[in-house]
2 protein chains.
Amino acid sequence: MSNSVEGVEKYRAISPAEFFYKYREIAGFSNPVRALYQTVRELYENALDATDAHGILPDVKISIKRVDEIQEYYRVTVEDNGIGLPPDVVPNAFGKVLFSSKYVLKQTRGMYGLGVKMAVLYGQMTTGRPVEVITSKQGFKRIYYFKLRIDVNKNEPVILERGTWRKSRDWHGTIVSITLEGDWARAKPKIMEYLSRSVVVTPYANIIFLTPENEIIYYPRAISILPRPPVEVKPHPFGVDLEMMKQLKELSASDTVKDLLIKNFQSVGESTATEVLNRAGVDPSKPAGSLGEDELLRIVNAIKGFENLRPPSAKAISPLGREIIVTGLSRMFKPEFVEAVTRRPQVYHGHPFIVEAGVAYGGGTPQSEMDKPVILRYANKIPLLYDEGSDVTTFVIKEDINWANYSIAFPAPLVVLVHVCSTKIPFKGVGKESIADVPEIRREIRLALMEVLRRLKIYLVRKAREEEVKRRVVLLAKYIPEIARSLHTIVRGEDGIDQELLKQKLVEIVAKRAGLSLEEVARSVETVEIGT
Amino acid sequence: MSNSVEGVEKYRAISPAEFFYKYREIAGFSNPVRALYQTVRELYENALDATDAHGILPDVKISIKRVDEIQEYYRVTVEDNGIGLPPDVVPNAFGKVLFSSKYVLKQTRGMYGLGVKMAVLYGQMTTGRPVEVITSKQGFKRIYYFKLRIDVNKNEPVILERGTWRKSRDWHGTIVSITLEGDWARAKPKIMEYLSRSVVVTPYANIIFLTPENEIIYYPRAISILPRPPVEVKPHPFGVDLEMMKQLKELSASDTVKDLLIKNFQSVGESTATEVLNRAGVDPSKPAGSLGEDELLRIVNAIKGFENLRPPSAKAISPLGREIIVTGLSRMFKPEFVEAVTRRPQVYHGHPFIVEAGVAYGGGTPQSEMDKPVILRYANKIPLLYDEGSDVTTFVIKEDINWANYSIAFPAPLVVLVHVCSTKIPFKGVGKESIADVPEIRREIRLALMEVLRRLKIYLVRKAREEEVKRRVVLLAKYIPEIARSLHTIVRGEDGIDQELLKQKLVEIVAKRAGLSLEEVARSVETVEIGT
């Protein structure tokens, strides 16, 4: 049957800029609310990547200003004291989708080379305003200024204005301004929540936020310790595939295949390389350039089947550490109990990762829902706010933890924090809002949570016991005058023991047994005497 | 402070092919299980797009064969009887990421120009095997053969082999084979579920699936009615932005700005164009090529603020219709009640969309979970299996429907089907597994569900009433002999009425009141007499 349309189709190729312009919702730019939130996020996360990952204590200023009386146009400006950008890369860094310094094996908040360009694109498509960038690197004598837009069809920057001047003081960093159509009223709660969650894990940052209402929100630096910055590493052989081997073959054509393996992978030395190549049936001294596809495939399979490789180096990842999490949770919630744990590095698909977990309980901690604690999710120090329902942390909390085991019944004044850091976070989408259910990561989250929850349980059990003891002491103390009177009747006159002394002795006995101070017990005695 | 690393970063641009190779998990290729599932999906969905969207009743053959004894390499082949591909576009259609015929305003299963290339990429990076394509268009005299791979750095096809021969019979369609590393044992249940859910909404397709175990799974065509194929339309002005206007300006530079609007948008005629341009303060007869950015922006804002535009045309979308949904659900579950509804077209962000909903209840319908029915989600006729927890349909079912209102308490033998079709489905990711929470769509899903649930309620209430009546009849019938006896004593002899006749009369009265047949009531009378 073919009663209908002739099968004529129009084919065309689109640039990555046009692709992401067309499908901007997959990068989180689905409407004026999300776009404003996402723009602040992308600029702010770049600011932190330019500072803490390079050993600089971050000073970040964010401002959002309304710039049109009729239309809801907002100018978002973020300034950092980071390493700055070399002037020759500025145009591509802001005007070419899929251009980045972050396509390396090192933990960064940015990953895709996409976020800030999406903000630039969204700005120019809604308001027509270009992005403006001012930047200077440490040690450079000059400051550089650019005004540019993206040519969507070509995926290339179009420079509209540029300038440079000598520095008067030793400033370094970057200032970026993007003007876009937004919806501040509805984006505000999300942006506020994002920032307050962010400072939980970056208590070493100074953050100033100027809102469109000219409100100033200030998060002062709480500690001056920076987590160890991550260092770029070579890929681990566990993550190898044929495509990677082909690219390495082109780059190292003149090396022997053994040297190719040793130079390009971590954890591979003389003996490992030789053993792998023997198993693959490839001569170790063969020039890499002459390897056939079949040989490359045999090498890949030999590597994947190799048992004795050292796990990936964790130098490339930078966890927060217990102190930062504890400080952050304490500052945010003023809880009666707080604890955190950093697990040891693990691996999935050749990528090292570390899971950290924290709990805050009681005190100012907010009350949770009926079926789970309040969850704070983080990935590479980014707070994740959307899509909680499809995140691996939520799966663990709802399915893998037996909360009754930890003396917890919901609702409870309990906040749980989970931070996953890795050279590659398996986000479910380029909008970076939820982490995929990777078995290795799920297992570590479960173990990290169990570890902090065990300590919380010890606290809760001790607290319950102490309260029980106190309750008994109060009960007992009530009868001390009575008992003292009775005893006094029996022992009257002997050894000059009078009633007051007896009472005193009884208080001492009770205090000793209950592990409380004399004052605490005595207080209950008085109270009851007065009360009776 | 800067005690540390010098801020040197390595910047580079990557091609879209390298981007998606690097971040393949965002397109659903995260591991051998998902990759095998996703490969079958992408090829199968392309096969359907090449047939039903062009008025051809689909005949699709899928086969998966293991092709290596040691490694888990599978060759996936999908053959369709579709419109075929012109030979000159084959290399790009399979070897260039972001090349497609689907970047137009028309409902298709494919959207991103990404899926099949991801499968080709995954195949070549895990097994080194190229993709093979055989194709011929309707009316063409020749068949074309290609063997090719993707150059990841350049994002270009590399043709390894090609051939052509004359057709001996009038075959048209496409056969694609991709060899990749997979995990059949674990992918099998998902692939099976995917296919069985797919045939629910494509009962007009003939599907044959040959598994690696040489099992043949056959879904024969159940009906020969095709849904009306979608037709490409011009964009609706509601979806306009400055970027789009700039591109149109380049393409229509010699037209007047009024003609630009009339020619390039649907729902815009003489008077609308003139009115919009008046409001924007732009002379309608001005040549489009001479428009400044400020004027373009004023036009965009005038269009967005315009109230009287006709809503977008629904010609570009192709719903299933009530009959297909009812047939599909009946065939799958053999329920005691089934109903479906197709809502009228609506709009979000300038895109037309239609929501359809179906319910199956009782009979062979599976029992649901404790808090919600079994949910079958579809988007543009694709079943969605993963990420149910973050899909808008799940939100509606869990938050927006008061199930008690419809006489439903969970668990219940209830399946709910929701189909969203549009020129652009707001998927949350390029893996196409869940739909974003867009208010306009959420509202329509709620209304569609309420409509089918109201009908289910009528059925359930009537069923309950009938059961209640029967229960009462049984109760009443029990006393008929007794009553007959008593009555007979009173009226004995008069008019020759005997006891049997009285019983008969009583049965008639009860049957009439209850709306049942005499036999039904009489049966209860007998039963009870025997029982007593």
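In the block above lies the structure referred to throughout.
Residues numbered from 1 in each chain as written. Chains lettered and ligands numbered in written order. Predicted model: local features only at pLDDT ≥ 70, side-chain atom pairs only at ≥ 80, totals over all residues. Heavy atoms only, no water.

Let's hear about the overall build of chain A: which residues, and what values?
In terms of regular secondary structure, chain A is built from 14 helices and 16 strands. Its C-alpha atoms give chain A a radius of gyration of 31 Å, clearly above 24 Å, the size a compact globule of 532 residues would have. Expressed along its principal axes, the backbone C-alpha trace of chain A runs to roughly 110 × 70 × 70 Å. Here chain A holds 532 residues, and 58% of them are scored as buried. Excluding contacts between residues fewer than 6 apart, the proportion of contacts in chain A whose partners are at least 24 apart in sequence is 72%. As displayed, chain A has an accessible area near 22,200 Å², and 52% of this comes from carbon and sulfur atoms. Considering chain A, the positive charge centre built from 75 side chains and the negative charge centre built from 67 side chains are found 2 Å apart. (Helix = DSSP H or I, 4+ residues; strand = E, 2+ residues; numbered from the N terminus. Rg over C-alpha atoms; globule rule 2.2 N^0.38 Å. Buried < 20%, exposed > 50% of the residue type's maximum accessible area, 1.4 Å probe, protein only. Contact = heavy atoms within 4.5 Å. Areas by Shrake-Rupley, 256 points an atom, 1.4 Å probe, with all protein chains shown as cover. Lys, Arg positive; Asp, Glu negative; His and termini not counted. Charge placed at Lys NZ, Arg CZ, Asp CG, Glu CD.)

Now, about the packing of aromatic side chains: what can you tell me, with residues and values included?
Summed over the entire model, instances satisfying the criterion amount to 28 aromatic pairs over all chains. Measuring from centroid to centroid gives 5.2 Å for Trp-403 of chain A and Phe-410 of chain A, while their planes differ by 65°, and the two rings are edge-to-face. Assessed through its relative accessible area of 9%, Trp-403 of chain A is described here as buried. Where Phe-19 of chain B meets Phe-20 of chain B, the ring centres are 5.0 Å apart and the plane angle is 90°; that geometry is what we call edge-to-face. There is no split in this pair, since Phe-19 of chain B and Phe-20 of chain B are both buried. By way of ring pairs, the aromatic residues Phe-19, Phe-20, Tyr-23 and Tyr-112 of chain A together with Phe-19, Phe-20, Tyr-23 and Tyr-112 of chain B are connected into one cluster. In this structure, Lys-190 of chain A is placed above the aromatic ring of Tyr-386 of chain A, and the distance from its NZ or CZ to the ring centre is 4.4 Å. (Phe/Tyr/Trp six-rings, centres within 6.5 Å; stacked < 30°, edge-to-face > 60°. Lys NZ or Arg CZ within 6 Å of the ring centre and 35° of its normal.)

Could you give an account of the relation of the copies chain B and chain A, with specific residues and numbers?
Here chain B sits on chain A after a turn of 180° about the axis and a move of 0.0 Å along it, with an RMSD of 0.3 Å. The superposition operator between the copies reduces to a two-fold rotation axis. Most of the interface of chain B is mirrored in chain A, where 100% of its interface residues are also at the interface. (Least-squares fit on C-alpha atoms with pLDDT ≥ 70 in both.)

Could you give me a rundown of the sheet that holds strand β2 (residues 59–66) of chain B, with the residues and numbers involved?
In a beta sheet, neighbouring strands pair by backbone hydrogen bonds and run either parallel or antiparallel. All names here are of chain B. Reading across the sheet, the eight strands line up as β7-β6-β5-β8-β3-β2-β9-β10 and stay open at both edges, with mixed pairing between neighbours. Either end of the sheet is taken by a strand with one partner, and the two such strands are β7 (156–166) and β10 (216–219). Across the sheet, the mean angle from the axis of one strand to that of its neighbour is 15°, orientation sign disregarded. With four bridges joining them, strand β9 (residues 206–210) and β10 adopt antiparallel strand pairing. Within the sheet, the bridge partner assigned to Leu-210 lies in β10 and is Ile-216. Relative to the sheet, helix α2 (residues 32–49) contacts β2, β3 (73–80), β8 (173–181) and β9, its axis offset from that of β3 by approximately 15°. Of the strands in this sheet, β3, β5 (131–136), β6 (142–151) and β8 are in contact with helix α4 (residues 115–126), which crosses β8 at around 40°. (Pairing = 2+ DSSP bridges. Axes fitted to C-alpha atoms, helices over the stretch in contact; angles between N-to-C directions.)

Outline the interface of chain B and chain A, supporting the account with residue identities and numerical values.
Across the boundary between the two partners, chain B contributes 73 residues, which contact 73 residues of chain A. Counting the contacts that link chain B with chain A gives nine salt bridges. Note that Lys-424 of chain A and Glu-25 of chain B form a salt bridge whose closest N and O atoms lie 3.1 Å from each other. Scanning the region where chain B abuts chain A turns up 25 residue pairs in polar contact (both at pLDDT 80 or more). Within the residue set of the side of chain B that touches chain A, elements represented by two or more residues are β1 (12–13), α1 (16–22), β4 (99–100), α4, α6 (242–251) and α9 (293–304) of chain B. Broken down by class, the residue content of the side of chain B that touches chain A amounts to 31 nonpolar, 22 polar and 20 charged. Both strand β1 (residues 12–13) of chain A and β4 of chain B contribute to a ladder of two bridges, which runs antiparallel. Paired with Arg-12 of chain A across the strands is Ser-100 of chain B, a residue of β4 of chain B. (Salt bridge = Lys/Arg side-chain N within 4 Å of Asp/Glu carboxyl O. Polar contact = N/O pair within 3.5 Å; in protein donor to acceptor, adjacent residues only side chain to side chain. Nonpolar A, V, L, I, M, F, W, Y, C, P; charged D, E, K, R; others polar.)

Mind laying out unusual backbone geometry, listing which residues take part and the relevant values?
The omega torsion of the bond from Phe-410 of chain A to Pro-411 of chain A falls at -5°, within 30 degrees of zero and hence cis. One can find Pro-411 of chain A in the loop between α11 (392–400) and β16 (414–422). Although it is not a glycine, Asn-380 of chain B adopts a positive phi angle of roughly 45°. Along the chain, the position of Asn-380 of chain B falls in the loop between β14 (374–379) and β15 (382–384). Residue Asn-380 of chain B is classed as buried on the basis of its relative accessible area of 3%. The phi angle at Lys-381 of chain B is positive, at roughly 70°, despite the residue not being glycine. Mapped onto the elements of the fold, Lys-381 of chain B is located in the loop between β14 and β15.

I'd like to hear about the environment of Ile-375 of chain B, residue by residue, with values.
Residues and elements named next belong to chain B. With respect to the helices and strands, the residue Ile-375 is situated in strand β14. We classify Ile-375 as buried; its relative accessible area is 2%. For the pair formed by Ile-375 and Arg-279, sequence separation is 96 residues and the distance between their alpha carbons is 48 Å.

Help me get a handle on a nonpolar patch on the surface, residues and values and all.
A cluster of nonpolar residues, Ile-208, Ile-216 and Tyr-218 of chain A, forms a patch on the protein surface that exposes about 300 Å² of accessible area. Among the residues examined, Ile-216 of chain A registers a relative accessible area of 61% and is labelled exposed. (Patch = residues over 30% accessible without salt bridge, like charges linked within 9 Å, V, L, I, M, F, W, Y side chains within 5 Å.)

An account of helix α13 (residues 499–514) of chain A is requested, with residue identities and associated values reported.
Residue and element names in this part refer to chain A. Over its 16 residues, α13 extends 23 Å from the first C-alpha to the last, a length consistent with the 22 Å expected when each residue adds 1.5 Å. Within the sequence span of α13, burial applies to Leu-502, Lys-503, Leu-506, Val-507, Val-510 and Ala-511. Backbone geometry just downstream of α13 places Gly-515 in the positive-phi region, at approximately 70°. (Expected span 1.5 Å × (residues − 1).)

Summarise the sheet that holds strand β10 (residues 216–219) of chain A; cite the residues concerned and give the values.
Residues and elements named next belong to chain A. The strand order β7-β6-β5-β8-β3-β2-β9-β10 describes an open sheet built from eight strands, whose pairing is mixed. On the outer flanks of this sheet lie β7 (156–166) and β10, each paired with one strand and no other. Strand after strand, the sheet turns through a mean of 15° between neighbouring axes, direction not considered. Sheet topology note: the strand β3 (residues 73–80)/strand β8 (residues 173–181) ladder contains eight bridges and is antiparallel. Across the sheet, Val-78 pairs through a bridge with Val-176, a residue of β8. Sheet strands in contact with helix α2 (residues 32–49) are β2 (59–66), β3, β8 and β9 (206–210), and its direction is about 15° off that of β3.

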